[in-house]
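# Geometric and topological summary
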Amino acid sequence: WQVSGSAEFLRQSYSDRSNLGRDRQYYRFSSKYLTERSTWRLDGNRSYSPVLVGDVADPDVGLSPLRKERKSTDIYPSWAWMMTELTQLQLSLQKNDTNYEDGELFGLFDYSSRGVTAGMSHQLSFRTKTSLSLGYSVFDVPANRFDSRSTSVQAGLSHSFSETFSGSLSVGAQRTVSDGF
């Protein structure tokens, strides 16, 4: 079992415009569990970052930038299973939620997205591999009743011509249907 995590704190400063400086925070985690034929993963992150939404007038200072906090949370569980020595099945989920502090007052809307991807890859030879994946995702903005649904398919072929030179070709299609504004 492997587990890791990290925290990153970032400060952006501008020498000529100190009032535009920003602080951001990123927290990440990753975990992996291996069995004889399967790999289970759970990855995710959370970030806090300011969004510049305008200026506010202060009688003592003048115009100052107005910032509001954006919080984004992502979770990515996945599973890969070796069906045979040459064929692997993959399944992954994606989940994102993003929220803005007082966002609707400034035209920033909370949103979420969800997705699932299923795929299969097969080793045709030592140097050649094929893949096929199917996907479905939903993007939702509840405040303005907007949602979007996408389905996709992709097929690919990769080949190693030598130890240092390889090529791949992928072809796919995506269909998106949206409702709302």
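So, here's what we can say about the structure. (Residues numbered from 1 in each chain as written. Predicted model: local features only at pLDDT ≥ 70, side-chain atom pairs only at ≥ 80, totals over all residues. Heavy atoms only, no water.)

### A few points about the side chain of Thr98
Threshold: Helix and strand definitions follow DSSP, with helices as H or I runs of at least four residues and strands as E runs of at least two, each counted in order from the N terminus. The buried label applies to any residue whose accessible area, calculated with a 1.4 Å probe on protein chains only, is under 20% of its type's maximum; exposed applies above 50%, and partly exposed to all values in between. Any N or O atom pair separated by 3.5 Å or less is treated as a polar contact, with the protein-specific requirement of one donor-capable and one acceptor-capable atom, and with residues adjacent in sequence counted only for side-chain atom pairs. Note on definitions: a residue-residue contact is assigned when non-hydrogen atoms from the two residues lie within 4.5 Å.
With respect to the secondary-structure elements, Thr98 resides in strand S5 (residues 87–100). Classification of Thr98 by relative accessible area gives buried; the value is 1%. In this structure the side chain of Thr98 is engaged in a polar contact, spanning 3.2 Å, whose partner is the side chain of Asn96. With residues near it in sequence (within four places) discarded, Thr98 still touches Arg70, Lys71, Ser72, Asp110 and Tyr111.

### Things to note about the environment of Arg24
You can see Arg24 is positioned in strand S2 (residues 22–34). What makes Arg24 buried here is its relative accessible area of 19%. Here the alpha-carbon distance between Arg24 and Glu69, two residues 45 residues apart in the chain, equals 9.6 Å. If we ignore the near neighbours within four places in the chain, the residues touching Arg24 are Glu8, Phe9, Leu10, Gln12, Tyr48, Ser49 and Pro50.

### Points about the packing of aromatic side chains
Note on aromatic pairs: each is described by the distance of the centres and the angle between the planes. Put simply, the rule is: Stacked, tilted and edge-to-face are the three classes applied to pairs of Phe, Tyr and Trp rings, where Trp contributes its six-membered ring and a pair requires centres within 6.5 Å; stacked means planes under 30 degrees apart, edge-to-face means over 60, and tilted covers the rest.
In the structure shown here, the tally under the stated rule is 8 aromatic pairs. Between Trp1 and Tyr33, the ring centres sit 5.0 Å apart and the planes meet at 50 degrees, which makes this aromatic pair tilted. Note that Trp1 is positioned in the segment before strand S1 (2–12) and Tyr33 in strand S2, a separation of 32 residues in sequence. You can call Tyr33 partly exposed: its relative accessible area is 36%. Taking the centre distance of 5.6 Å and the plane angle of 35 degrees together, the rings of Trp40 and Trp79 count as tilted. On the criterion of sequence distance, the pair formed by Trp40 in strand S3 (residues 38–58) and Trp79 in strand S4 (residues 62–82) is long-range, its members being 39 residues apart. Under the relative-accessibility criterion, Trp40 is labelled partly exposed at 45%. Take Trp79: its relative accessible area is 23%, and that puts it in the partly exposed class.

### A short note on unusual backbone geometry
Of note, the phi angle at Arg145 is positive, near 55 degrees, even though the residue is not glycine. Structurally, Arg145 can be placed in the loop between strand S7 (128–141) and strand S8 (146–160).

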